[in-house]
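Spelled out from the first residue to the last, the chains are:
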Amino acid sequence: MYRVMGALLMSLVVCIFGMPLFIGWLRRRGIGQYIREDGPKAHLAKEGTPTMGGVLIVVSTLVGFLVMAVRLTSGTGFALGLALLGCGLLGFADDYTKLHYARSLGLKARQKLFWQLLLSVALAYLATNHFGVDTKLYFFRSDSVLCDLGPFYFLLVYLMIIGFSNAVNLTDGLDGLASGVTILVMTAYVLIAFIQFRNHQFLYPHVKGSLDIAIFAGAMMGSCVGFLWWNAPPAKIFMGDVGSLALGGSLATVAMLSKTELLLLVLGGLYVMEAASVVIQVAVFKATRRRVFRMAPLHHHFELKGWSEVTTLIRLWIVAGFCVGIGFLLFYINYVGGK
């Protein structure tokens, strides 16, 4: 457990003390956020706030993880690093496109989907053929197999990568929201991975590299805490797509490697709600020309109802904490039942 705490503290220190230097560097080069004009009017004041703070989230997570990890030869560490860097680089390209063309939209959707497809295929192939990850889908416990997906497991990994990287990206619309929710979810994964590590031989023989997963989750927790110090309202910096895509891709990979793909839907329930609100809004509007929400994603709906940004943030943190609590309870009940 000391390695997990070491990774958490190291990543936190690198991020929290490195961020002022990074903010200053961004300001000197005029690298600031472009705000969509059709969003809540209160957000227009954030125009020009330094962005791409996710670069330091990625760097600090890697520093804490690589220094404290001890089982990288298992391949789990490589898969986690590949997801973090791969999704982070895609987000960097998206942010760079926005800045270069001075607009609020970056890469085209099909470009993102193509690169996410390549990354997810690479991850699924390496995990199943070289890192000992099976293609079975488990219902929260090691002896409860829903089905063996076989080659369709590649499709599941792809859907998880695009689903959660884009869900975190959509959630990253309020100061501190995405980073705060990720802290909660990664806290649960530290505990889950540690339980799997301690009970690997008898209950979780199908899970490889649990200690690496716990260390990685701890490192990402520390990075997000350090980032939240500067991203709390009013934010001094935004994470940008380089941060949100890296966080979402990492969450999906942690779930894949820990064989908790279904559980992530509960733990990351707020992400699911945010993404679902966009899907529902678009589908209903195309079918009826009417809107279900005043604006999507969900957090903008509450802002337009009159909630302040801080009120919306704290209440959504509470919802996210409830989802994480329910998810961890499901895991723990099934863990106790399998002993």
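Everything below is about the structure shown above.
As the structure is a computational prediction, the values presented were derived from the model and not from experiment. For every chain, the first residue of its written sequence is number 1, and the numbers climb from 1 along that sequence. Where local features are concerned, this predicted model is filtered to residues with pLDDT of at least 70; where side-chain atom pairs are given and counted, the filter is 80 or more; whole-chain, interface and lining totals use all residues. The side-chain values count all of the structure's non-hydrogen atoms but skip hydrogen atoms and water molecules.

(A) Spatial organisation of the overall build of the protein. Along the backbone of the protein there are twelve helices and two strands. Across the protein, helices and strands are ordered from the amino to the carboxyl terminus as α-α-α-α-β-β-α-α-α-α-α-α-α-α. A simple rule labels every residue: compare its accessible area, found with a 1.4 Å probe on the protein chains alone, to the largest value its type can have, and call it buried under 20%, exposed over 50%, or partly exposed in between. In the protein, buried positions account for 54% of the 339 residues. A fraction of 78% describes how many contacts in the protein between residues 6 or more apart in sequence connect residues 24 or more apart. For the protein, the exposed area adds up to about 14,900 Å²; of that, 68% sits on carbon and sulfur atoms. Only DSSP runs of H or I covering at least 4 residues are called helices, and only runs of E covering at least 2 are called strands; the numbering of each starts at the N terminus. Here, residues are in contact when the closest pair of their heavy atoms is within 4.5 Å. Reported accessibility uses the Shrake-Rupley method at a 1.4 Å probe radius. Residues are deemed covered only where the shown protein chains occlude them.

(B) Fine view of a nonpolar patch on the surface. Within the patch definition used here, like charges are joined within 9 Å and nonpolar side chains (Val, Leu, Ile, Met, Phe, Trp, Tyr) within 5 Å, considering only residues with over 30% relative accessible area and no salt bridge. Throughout this description, the term salt bridge denotes a Lys or Arg side-chain nitrogen within 4 Å of a carboxyl oxygen of Asp or Glu. Among the surface-exposed residues, Met1, Met5 and Leu9 lie close enough to one another that they form a single nonpolar patch of about 280 Å² accessible area. On the basis of relative accessible area, Met5 is assigned to the partly exposed category, the value being 40%.

(C) Expanded view of the layout of surface pockets. Here a cavity is any set of points on a 1 Å grid over the protein atoms alone where a 1.4 Å probe fits but cannot get out, and a pocket is any open set with protein on both sides within 12 Å along at least 5 of 7 lines; a residue lines the site when it has an atom within 4 Å of a point. Grid points are joined across faces, edges and corners, and a volume is the space filled by probe spheres set on the points. Reported here for the second largest pocket is a volume of approximately 230 Å³. What lines the second largest pocket is a set of 13 residues, and nearest its centre among them are Leu159, Met160, Gly163, Phe164 and Leu265. Those elements that place two or more of their residues in the lining of the second largest pocket are α5 (153-171), α9 (261-267) and α10 (269-288). With six residues, α5 is the single largest residue contributor to the lining of the second largest pocket.

(D) Region of the structure containing the nonpolar core. Within the largest apolar cluster, 93 residues are counted, with the highest numbers of intra-cluster contacts made by Met19, Val185, Met186, Tyr189, Leu267 and Tyr271. Residues within four places of Val185 in sequence aside, it is in contact with Leu251, Leu264, Leu267, Gly268, Tyr271 and Val324. Only buried residues count toward a nonpolar core, which is a set of Ala, Val, Leu, Ile, Met, Phe, Trp, Tyr and Cys residues joined through side-chain atoms within 4.5 Å.

(E) Structural detail: the side chain of Lys98. Residue position: Lys98 is located in helix α3 (residues 76-101). A distance of 3.1 Å separates the side chain of Lys98 from the side chain of Asp241, its partner in a polar contact. Distance and chemistry together define a polar contact, namely a pair of N or O atoms within 3.5 Å, with one atom able to donate a hydrogen and the other to accept it when in protein, and with adjacent residues in sequence counting only for side-chain atoms on both sides.

(F) Representation of the environment of Asn169. Here Asn169 is to be found in helix α5. Asn169 sits 70 residues away from Met239 along the chain, and the two C-alpha atoms are 9.8 Å apart. Apart from residues lying up to four places away in sequence, Asn169 is in contact with Asp241, Ser244 and Leu245.

(G) Geometry of unusual backbone geometry. With an omega of -10°, the peptide bond between Pro233 and Pro234 qualifies as cis. Turning to its location among the elements, Pro234 is positioned in the loop between α7 (210-231) and α8 (240-257). Residue Pro297 follows Ala296 across a cis peptide bond; omega there is 5°. One can find Pro297 in the loop between α10 and α11 (298-304).

(H) View of the pattern of salt bridges. Enumeration according to the criterion identifies five salt bridges in this entry. Lys98 is the partner of Asp241 in a salt bridge, and the nearest nitrogen-oxygen pair spans 3.1 Å. Taken together, the positions of Asp241 in helix α8 and Lys98 in helix α3 put the pair 143 residues apart, joining distant regions of the chain. When sorted by exposure, Asp241 lands in the same class as Lys98, which is buried. Between Lys259 and Asp134 there is a salt bridge, with the nearest N and O atoms lying 3.4 Å from each other. Within this pair, whereas Lys259 is found in the loop between α8 and α9, its partner Asp134 is found in the loop between α4 (109-129) and β1 (136-138), the two being separated by 125 residues in sequence. Accessibility assignment for this pair places Lys259 and Asp134 in one class, buried.

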